[in-house]
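Here is how the chains run, residue by residue.
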Amino acid sequence: MSKKVLAIYYTQSGQMGDIMGNLTAPLITAGADVDVVSVKPVVDYNFPWTGSRFFSVMPDCVLIVPTELEPFELKHERYDLVILGYQPWFLSPSIPSNSIIQHPKFRAVIKDTPVVTISACRNMWLNAFDRVRKMLGQADAKHVGNVALVDRHPNFVSFITIFYWMLSGKKERYLNIFPKPGVSETDIANVHLYGDILATHLQSGNWENLQHELVNNGAVNIKYPLMVIEGKARIIFSIWARFIAKRKNKMPWISAFKYYLFIALFLGAPILLTLDAVFLRPFTQKRIGAKKLHYLLLN
Ligand SMILES: Cc1cc2nc3c(=O)[nH]c(=O)nc-3n(C[C@H](O)[C@H](O)[C@H](O)COP(=O)(O)O)c2cc1C
């Protein structure tokens, strides 16, 4: 196969690197010329994080403020397929990811080109997906496929374990009680299957049924409660981000946001979901169905 593929991503822990490796392996086996580019910011975000640094990036994430990236080379001017690997930070594409998408070199290469996105996060990726999709559209890319990998454990469990991972740098079982954080090893290994599907479509150059096949093989799962939470959080995060960005001394407000987040998740979310189950969900099935199709990239 004489097809050219660009696979570009950022990663801190290496998780997205492993995922990209598994996704591109079948393409390489099929004979495609795969250009794998791991991008780094000039001033990288030290991993593991400290608590205050972690929360301090929230306004720039939500307001999609880019950071300067180290120069990166692309082997070709045009590709048959571009794969973008990204991770949500605060319900938005991570700052390095938004910087890739806004980079003139990347924008030039995705113009009129099929793009497949793959995200790996705790479990809240819907808003980030919307924003990435919009930016890809503004650059005239053809968004033909999406894979959304998540930590499948319950929301409050992964909330605890992700902090352990992000603040210790160890993708291990916290206190030997909690499950391992992040996307499971099985799910990372299974990404190979999505690579096989991509290889077939790359070969034929027909992208029409790609997303159906990906979805039928479990590449995207929509959880209604998380869709409700993200729907509300998107507005509230935006208000917080704009407010904090205007403050001279941001740290006290970042700290206030942190406490807000804990209260919102453990107290606000259950109340919101109960109200939704009684007053909205039974009467808005059609709208919910359409929204799910949108996030499955099937509409
Ligand atoms: C600052 C920060 C904010 C994050 N916010 C979210 C989020 O809003 N939703 C989510 O599901 N995961 C979130 N995560 C987890 C990341 O999406 C990702 O899974 C994790 O950072 C590992 O990615 P890596 O490949 O860069 O190591 C966040 C991580 C960081 C560091």
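Draft legend 1. Summary view of the pattern of salt bridges. One pass over the full model with this rule turns up six salt bridges. In this structure, the salt-bridge partner of Asp33 is Lys75, at a minimum N-O distance of 3.0 Å. Highlighted residues: Asp33 in strand β2 (residues 33–38) and Lys75 in the loop between α3 (58–62) and β3 (81–86), separated in sequence by 42 residues. On the basis of relative accessible area, Asp33 is assigned to the partly exposed category, the value being 27%. Across the pair Arg152 and Asp187 runs a salt bridge, and its minimum N-O distance is 2.6 Å. With a gap of 35 residues between them, Arg152 in the loop between β7 (142–150) and α7 (155–168) and Asp187 in helix α8 (residues 185–204) connect regions that are remote in the sequence. Residue classification places Arg152 among the exposed positions, given a relative accessible area of 51%. On the basis of relative accessible area, Asp187 is assigned to the buried category, the value being 12%. What you see here is one network of salt bridges that share partners, running through Lys111, Asp112 and Asp140.

Draft legend 2. Broad picture of the site of the ligand. Around the ligand sit 21 residues, and of these Thr11, Ser13, Pro88, Leu91 and Met124 come closest. Note that an oxygen atom of the ligand is positioned 2.9 Å from one of the backbone N or O atoms of Arg122. A total of 620 Å² of accessible area belongs to the ligand in isolation, and the protein chains cover 96% of it. Of all the cavities here, the one that holds the ligand is the largest pocket. Ranked by the residues each element gives to the shell around the ligand, the list is headed by α7, at three residues. Its residues assigned to classes, the shell around the ligand shows 14 nonpolar, six polar and one charged.

Draft legend 3. The pairing of strand β6 (residues 114–121), seen in detail. Along β6, eight of the eight residues are buried, which leaves the element largely enclosed by surrounding structure. Here β6 shows no split at all, with Pro114, Val116, Ile118 and Ala120 on one side and Val115, Thr117, Ser119 and Cys121 on the other all buried. Relative to β6, β3 is paired through five bridges, and the arrangement is parallel. Bridge pairing in β6 links Ile83 to Val116.

Draft legend 4. Quick peek at the packing of aromatic side chains. For the structure on display, the rule yields 25 aromatic pairs. On the basis of an interplanar angle of 35 degrees and a centroid distance of 6.1 Å, the ring pair of Phe257 and Tyr260 is categorised as tilted. With a gap of three residues between them, Phe257 and Tyr260 both fall in helix α11 (residues 251–279), about one helical turn apart. Against the face of Phe72 rests Lys105, its NZ or CZ located 5.5 Å from the ring centre.

Thresholds, definitions, all that
Residues numbered from 1 in each chain as written. Predicted model: local features only at pLDDT ≥ 70, side-chain atom pairs only at ≥ 80, totals over all residues. Heavy atoms only, no water. Salt bridge = Lys/Arg side-chain N within 4 Å of Asp/Glu carboxyl O. Helix = DSSP H or I, 4+ residues; strand = E, 2+ residues; numbered from the N terminus. Buried < 20%, exposed > 50% of the residue type's maximum accessible area, 1.4 Å probe, protein only. Near = heavy atom within 4 Å. Polar contact = N/O pair within 3.5 Å; in protein donor to acceptor, adjacent residues only side chain to side chain. Areas by Shrake-Rupley, 256 points an atom, 1.4 Å probe, with all protein chains shown as cover. 1 Å grid on protein atoms, 1.4 Å probe; cavity = no way out; pocket = protein on both sides within 12 Å on 5 of 7 lines; lining within 4 Å. Sits in = over half its atoms within 2 Å of the grid points. Nonpolar A, V, L, I, M, F, W, Y, C, P; charged D, E, K, R; others polar. Pairing = 2+ DSSP bridges. Phe/Tyr/Trp six-rings, centres within 6.5 Å; stacked < 30°, edge-to-face > 60°. Lys NZ or Arg CZ within 6 Å of the ring centre and 35° of its normal.

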